[in-house]
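One letter stands for each residue in the lines below.
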2 protein chains.
Amino acid sequence: MTAANRSSSTPKLQAQPLYARVQQALVDRLIAGNWRPGTMLPSEFAIAEELGVSQGTVRKALDEMTALGLLVRKQGRGTFVAEAEDTSILFRFYRLTRDDASTALAAPAASFPDSTYLSQVCGTATSKEQEVLGLNASDKVWRFERVRSDHVEPILWESLVLPVSRFPSIDETTQLPNNVYQFYGNEHGIIVARVEEKLRAVIAPPNIVSALGLESGAPMLEIDRRAIALDGQIVEWRTSLCRSDTIHYRNELK
Amino acid sequence: MTAANRSSSTPKLQAQPLYARVQQALVDRLIAGNWRPGTMLPSEFAIAEELGVSQGTVRKALDEMTALGLLVRKQGRGTFVAEAEDTSILFRFYRLTRDDASTALAAPAASFPDSTYLSQVCGTATSKEQEVLGLNASDKVWRFERVRSDHVEPILWESLVLPVSRFPSIDETTQLPNNVYQFYGNEHGIIVARVEEKLRAVIAPPNIVSALGLESGAPMLEIDRRAIALDGQIVEWRTSLCRSDTIHYRNELK
DNA sequence: AAGTGGTCTAGACCACTGC
DNA sequence: CAGTGGTCTAGACCACTTT
């Protein structure tokens, strides 16, 4: 971008720095679904030339998007849209660990649990579901229930609520995979940018006690999670009830 | 740094990029206590000249340290060592929120709780304390117990264990302030770089029930926290038992 | 006006990957 | 070997704060 057209597009006060506008332009393409997870982006120089800015400015935008977990950069190969199955991306949103894990606190979880689906129903969103997912009264949702187990035992019961409008291809026969965020990205072009969680301690409900083989009245960790897509909309409401006798939730604050 | 002395100090293969070595040099000064929290660092150009590198390289190091929460940059003023009382630094390590808070999930906690200290004793580290804090059998620790309350009610009971060797100025008469990380930084030059937490659900112990006015058998959130200083050593072991009927733990994963 | 951090550019060279 | 990202430099200019 020359001095002339920079000053013409933003006369004096530029609302946003150039690299931020470049970043937004790239994020917009991700939202539009132009680039699915795993896709290789054009090179820094190609993007720079296309947008009329310098390569250093594109680099700053790409670096920030990489820090946000949206992109993965591989020296000598290229810049790619992050995939849920990328190493260390897999565990980005998974914080449960066995108490007896020999690893240090900072180490990643040893294993990613598998899932057994218990139910899969479609219905009109309840008022609470409307509020959480930002839906209207007539909107429909898919509701899934599953039990997740690690290599030792069942560790949690989980409920997933998805707005039908964002997942039009789901039907009664759809087999949700174990890694649902990979499914959201590859099948629906929905990239989960971040998740917000609320954690509480609760007493295990009787039906969960039997499903997980717990003692009656056992304390459990309840995790209320909302997954937010790149466009800022909540695309999944998840409630997990995790056993707390052998599993804990690890967190690192920086 | 000229091409000549760069190639002489790192003949061909440089183990670390230059900005990383600059960053480590600056972190080392923080560890040594040369710069207390709130201190203004030399300007980018001054650091660059002193270390014989370009200003852009210093900038990259400072930007990373800012991202780690170690520094605070203020345009037109300078770069400062982060203080625990800096806005938004205050809540960096505090994740508890009232259930009825009208704020969105992403909003910061409404209030920082105050503390009532229950006990303050010095003793030889137990084997568990030795393991957690990396101490020897004869090492001593300070143990504090406190109850923390927000504007409504007591919300948690908390135990703090500190190695005496890192906090030589503490004695029986020391009044720990409410914001202990500020105290660590200003009084002992200990900068907490990050904390690691393990969360579990437990049944409230009888003595906690009475201290917080809970119902017998209530589920509580147990938070096992280790605070890690810049030098990588654990300087505080904290165990919190938080009421779960009106308070939750919020987390955002990116 | 002087000094600070923030943005942007242009170009050089290095390190890694894949053909 | 060509193409990619990664590092480093030098310099220009902008925005903000303090004197």
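With respect to the relation of the copies chain A and chain B
- The transformation that overlays chain A on chain B combines an axial shift of 0.0 Å with a rotation of 180 degrees, and the residual RMSD is 0.1 Å. The two molecules are tied by a two-fold rotation axis, judged by turn and shift. Using C-alpha coordinates, one finds that chain A approaches the rotation axis most closely at Ala201 of chain A, a distance of 2.4 Å.
- Comparing interface residues between copies, 100% of those in chain A also lie at the interface in chain B; the contact surface is shared.

Quick look at the protein's contact with DNA strand C
- If you check the shell around DNA strand C, you find 23 residues, and the closest are Leu18, Tyr19, Ser54, Thr57 and Arg77 of chain A.
- Considering DNA strand C, the proportion of its atoms within 4 Å of the protein that are sugar or phosphate atoms stands at 80%.
- Here a phosphate oxygen of DNA strand C sits 3.0 Å away from a polar atom, N or O, in the main chain of Glu44 of chain B.
- Take Arg73 of chain B: an N or O atom from its side chain is 3.3 Å from a phosphate oxygen of DNA strand C.
- Taken together, the elements giving at least two residues each to the surface near DNA strand C come down to helix H2 (18-32) and helix H4 (55-67) of chain A together with strand E1 (71-74) and strand E2 (78-81) of chain B.
- Of the residues that constitute the surface near DNA strand C, the class distribution is five nonpolar, ten polar and eight charged.

Quick look at the interface of chain A and chain B
- Each partner contributes residues to the interface: chain A has 33 residues there, and chain B has 33 residues.
- Together chain A and chain B conceal approximately 3000 Å² of surface at their shared face, both sides included; 60% is due to carbon and sulfur atoms.
- Across the chain A-chain B interface, the total number found is 17 residue pairs in polar contact (both at pLDDT 80 or more).
- Those elements that place two or more of their residues in the side of chain A that touches chain B are strand E7 (192-203), strand E8 (219-229) and strand E10 (247-253) of chain A.
- Within the side of chain A that touches chain B, the residues separate by chemical class into 16 nonpolar, four polar and 13 charged.
- In terms of strand pairing, E7 of chain A meets strand E10 (residues 247-253) of chain B through five bridges, oriented antiparallel. Counted as the bridge partner of Lys198 of chain A is Arg250 of chain B from E10 of chain B.

How each quantity is defined
Residues numbered from 1 in each chain as written. Chains lettered and ligands numbered in written order. Predicted model: local features only at pLDDT ≥ 70, side-chain atom pairs only at ≥ 80, totals over all residues. Heavy atoms only, no water. Least-squares fit on C-alpha atoms with pLDDT ≥ 70 in both. Contact = heavy atoms within 4.5 Å. Near = heavy atom within 4 Å. Polar contact = N/O pair within 3.5 Å; in protein donor to acceptor, adjacent residues only side chain to side chain. Helix = DSSP H or I, 4+ residues; strand = E, 2+ residues; numbered from the N terminus. Nonpolar A, V, L, I, M, F, W, Y, C, P; charged D, E, K, R; others polar. Buried area = accessible area lost by both parts, 1.4 Å probe. Pairing = 2+ DSSP bridges.

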